[in-house]
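# Tertiary structure, described
This is what each chain is made of:
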Amino acid sequence: AALARLDHPHIVTIYDFGELGGFAYFVMEFVDGTDLAQRMRAAAIPRPEALRIAGDLCDALHYSHGKGVIHRDIKPSNIMLRSNGCLVLIDFGTAREVNQSYLQKKAAGEITGVVTHGYTPMEQMSGKAVLQSDFYALGGTAVYLLTAQNPTSFYDFTEDKLVWRDAVPGIAPEFADLIDSMMVFSPAKRPASSRDIFNRLVAIDS
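Worth saying up front: this structure is predicted, and the values here are computed from it rather than measured.

Turning next to the nonpolar core. Ranked by size, the top nonpolar core spans 53 residues in total, and within it Phe-92, Leu-146, Trp-164, Phe-175, Ile-179, Ile-197 and Leu-201 carry the most contacts. Going through the elements one at a time, helix 1 (36–40), helix 2 (47–66), strand 5 (79–82), strand 6 (87–89), helix 5 (131–147), helix 6 (173–182) and helix 7 (194–202) are the ones with two or more residues in this core. When residues of this core are assigned to their parent elements, the largest contribution, nine residues, is made by helix 5. Those residues within four positions of Phe-175 in sequence are excluded, and the remaining contacts are Ala-50, Leu-51, Leu-146, Leu-201 and Ile-204.

See the structure below:
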C-alpha cells in the first residue's frame, strides 16, 4: 500500500497489490529498457552521466523518503534506463515503510536484513536500516558507474575502507569526497538527506 502511493517519474509504478491463495503480491509496470549493469557492459560511463544518474536517484529518494519509504536494495541492476533515456528505480520488493510498527520491530531486532555485497551498509545487514542506508547504496552505485567494478573490489583491509579513487583519474575531488561521505561506517556521519546530496552534486564540475 505504501509503494502504491508513490507517484514519481524516477520510480516504477505499482498498479495493484493484495493477497491471493495465501500469498502477498503486487503488480508493477513493465519498464521498456535496460538496467545499468547491462548498459555498462564492463565499461565505466562518462563522469557527467554518472553525475546525472546520481542526481536522478537523489530526486527519487527525496520523494520516497519523504513518503517514509526506504528502498533497501539500490544497486545497478535495480536502476533501469527507459528506451527514451529516463532513469527509473525498480524492485521495491524489499522496501520498508518507516512507521511506528517498523521502528518497534527494528528496536526489537525483528527486521530482516537485506544484503547485496558492495551496496549494503552494516546497519542494514543487522536489520536496522535507516534513510541513510540508501545513501550508502547510492555511493556504492556511483563507484560502480565510475569504475565498472563492484565496490568490494576496492576494500582495503589495512585501512578498513574503500580505496577506489586511483581507478578514476581526474575525478573532481568534490565528487569523490561526496561518494566517500555516503559510504562511511556510521549512518549518522553520512549526509543528512538526499537533498543535501543533490545540492552537492549540482555544485560539482565534472
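Note: strand 1 (residues 14–20) against strand 2 (residues 23–28), six bridges, orientation antiparallel. In the sheet register, Asp-16 faces strand 2, and the bridge partner there is Val-27. The antiparallel hairpin formed by strand 1 and strand 2 contains two residues in its connecting segment, where Gly-21 sits at a positive phi of about 60°.

Opposite charge on two side chains permits pairing when their charged atoms draw close. One pass over the full model with this rule turns up nine salt bridges. Note that Glu-29 is salt-bridged to Arg-82, the shortest N-O span being 3.2 Å. With Glu-29 in the loop between strand 2 and strand 3 (33–35) and Arg-82 in strand 5, this residue pair connects regions lying 53 residues apart in the sequence. Assessed through its relative accessible area of 13%, Glu-29 is described here as buried. Asp-73 is paired through a salt bridge with Lys-75; the nearest N and O atoms lie 3.6 Å apart. No difference in accessibility class separates Asp-73 from Lys-75, as the two residues are buried. Through salt bridges that share partners, Arg-39, Glu-49, Arg-52 and Asp-56 make up one connected network.

Where helix 2 contacts helix 7, the axes come no closer than 9 Å and their chain directions differ by 155°. When the axes of helix 2 and helix 7 are compared, the pair comes out roughly antiparallel. Of the two elements, helix 2 crosses helix 7, and the hand of that crossing is left-handed. Contact residues: Leu-51, Ala-54, Gly-55, Cys-58, Asp-59, Leu-61 and His-62 in helix 2; Ser-194, Arg-195, Ile-197, Phe-198 and Leu-201 in helix 7. Grouping the amino acids of the contact of helix 2 with helix 7 by side-chain chemistry returns seven nonpolar, three polar and two charged.

Scoring rules and cut-offs
Residues numbered from 1 in each chain as written. Predicted model: local features only at pLDDT ≥ 70, side-chain atom pairs only at ≥ 80, totals over all residues. Heavy atoms only, no water. Core = buried A, V, L, I, M, F, W, Y, C linked by side-chain atoms within 4.5 Å. Buried < 20%, exposed > 50% of the residue type's maximum accessible area, 1.4 Å probe, protein only. Helix = DSSP H or I, 4+ residues; strand = E, 2+ residues; numbered from the N terminus. Contact = heavy atoms within 4.5 Å. Pairing = 2+ DSSP bridges. Salt bridge = Lys/Arg side-chain N within 4 Å of Asp/Glu carboxyl O. Axes fitted to C-alpha atoms, helices over the stretch in contact; angles between N-to-C directions. Parallel < 35°, antiparallel > 145°, perpendicular 65-115°, else oblique. Left-handed = near helix turned anticlockwise from the far one by under 90°. Nonpolar A, V, L, I, M, F, W, Y, C, P; charged D, E, K, R; others polar.

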